[in-house]
Amino acid sequence: MSATLIDGKAISQDLLVQVGAKVDERLAQGKRAPCLAVVLVGDDAASAVYVNNKKKACEKVGIKSLSYEYGSDFTQEQLLALVDELNADDNVDGILVQLPLPKHLDVQEIIERIRPDKDVDGFHPYNVGRLAVKMPLMRPCTPRGVMIMLEAVGVDVMGKDVVIVGASNIVGRPQALEMLLSRATVTVCHSKTRDLAATVGRADIVVAGVGIPNFIKGEWIKEGAVVIDVGINRLDTGKLCGDVEFAVAKERAGMITPVPGGVGPMTIATLMQNTLDACQLHD
């Protein structure tokens, strides 16, 4: 029996409607709209698309959007100065520096320069640390979006055996912390994991975030498992695919996210939620 597809696009639209209603409520109370500053450096085509989608989402929910776009010759000192300026601006609630950055820029220094209460990406060590000690403030967008998505389709992760494939700072590690916060039993796999197939094969919930097309074989998936594919890869044919071998996995899984149309829209919707949360924090 084929798996139920988890419609991330529909769930994200519901979340955007909720955020928009709360923004309208703020305006009706005479409060200002939340404000998100997005910084794009370089000429990465995918990043330009993501930034444009974020601007559209802001417009949809009534969040003010500020755009700062620079060429690949923008220096570390200039970018740090811009972050300092946005940190000091009381009308800016969220600062997002779009990744990846050109190779000459020190990503970690820039992330750490953003004020934690304006770090709507949730990448600052302070925010990751708060998540680790069960006191979340700004939560990383994609992992938080995955949790919202699972709740929306009625999946309770408490007590479930969750296997996360990929240990990146953007997805794998914070996703593990989100799952722990919801009292799942969590295993994080990486390039040194032995017998990955067996580990994935015992999971009630699999979260894939390795960035390698079709890396997780469909036959590894346990019958009835929930599969969340965070990967988005472009093949030589131009077609997009995830990290999970979708065609085979969907015949074994109970629920599965498609690529595209699964986790991607949730990330942007959760960014809007985070920006609203930051604005309410600044009240």
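Residues numbered from 1 in each chain as written. Predicted model: local features only at pLDDT ≥ 70, side-chain atom pairs only at ≥ 80, totals over all residues. Heavy atoms only, no water.

With an unreviewed UniProt entry as reference, the protein chain is termed Bifunctional protein FolD, source organism Vitreoscilla stercoraria. For the record of the protein chain, the UniProt heading Pathway (unreviewed entry) holds the text "One-carbon metabolism; tetrahydrofolate interconversion." Taken verbatim from the UniProt record of the protein chain, the Sequence similarities (unreviewed entry) comment is "Belongs to the tetrahydrofolate dehydrogenase/cyclohydrolase family." (UniProt positions renumbered as here; feature names shortened; annotations may be inferred.)

J.: How should the UniProt feature "domain: Tetrahydrofolate dehydrogenase/cyclohydrolase NAD(P)-binding" (unreviewed entry) in the protein chain be read in this particular structure?
T.: Those places that UniProt annotates as "domain: Tetrahydrofolate dehydrogenase/cyclohydrolase NAD(P)-binding" (unreviewed entry) correspond, in this numbering, to residues 140-281. Secondary structure across residues 140-281 comprises 36% helix and 17% strand; the distance between its end C-alpha atoms is 16 Å. (Helix = DSSP H or I, 4+ residues; strand = E, 2+ residues; numbered from the N terminus.)

J.: Sorry if this is basic, but what is going on with the sheet that holds strand β5 (residues 161-165) here?
T.: Whether parallel or antiparallel, the strands of a sheet pair through hydrogen bonds between backbone atoms. One open sheet accounts for 6 strands, arranged β1-β11-β8-β7-β5-β6; its pairing is parallel. Edge positions in the open sheet fall to β1 (4-5) and β6 (185-189), since each of these has one partner strand only. The pairing of β5 with strand β7 (residues 205-208) spans 4 bridges and is classified as parallel. Paired with valine 162 across the bridge in β7 is isoleucine 205. Each of β5, β6 and β7 is contacted by helix α7 (residues 172-181), which is oriented at about 170° to β5, the strand it contacts most. (Pairing = 2+ DSSP bridges. Contact = heavy atoms within 4.5 Å. Axes fitted to C-alpha atoms, helices over the stretch in contact; angles between N-to-C directions.)

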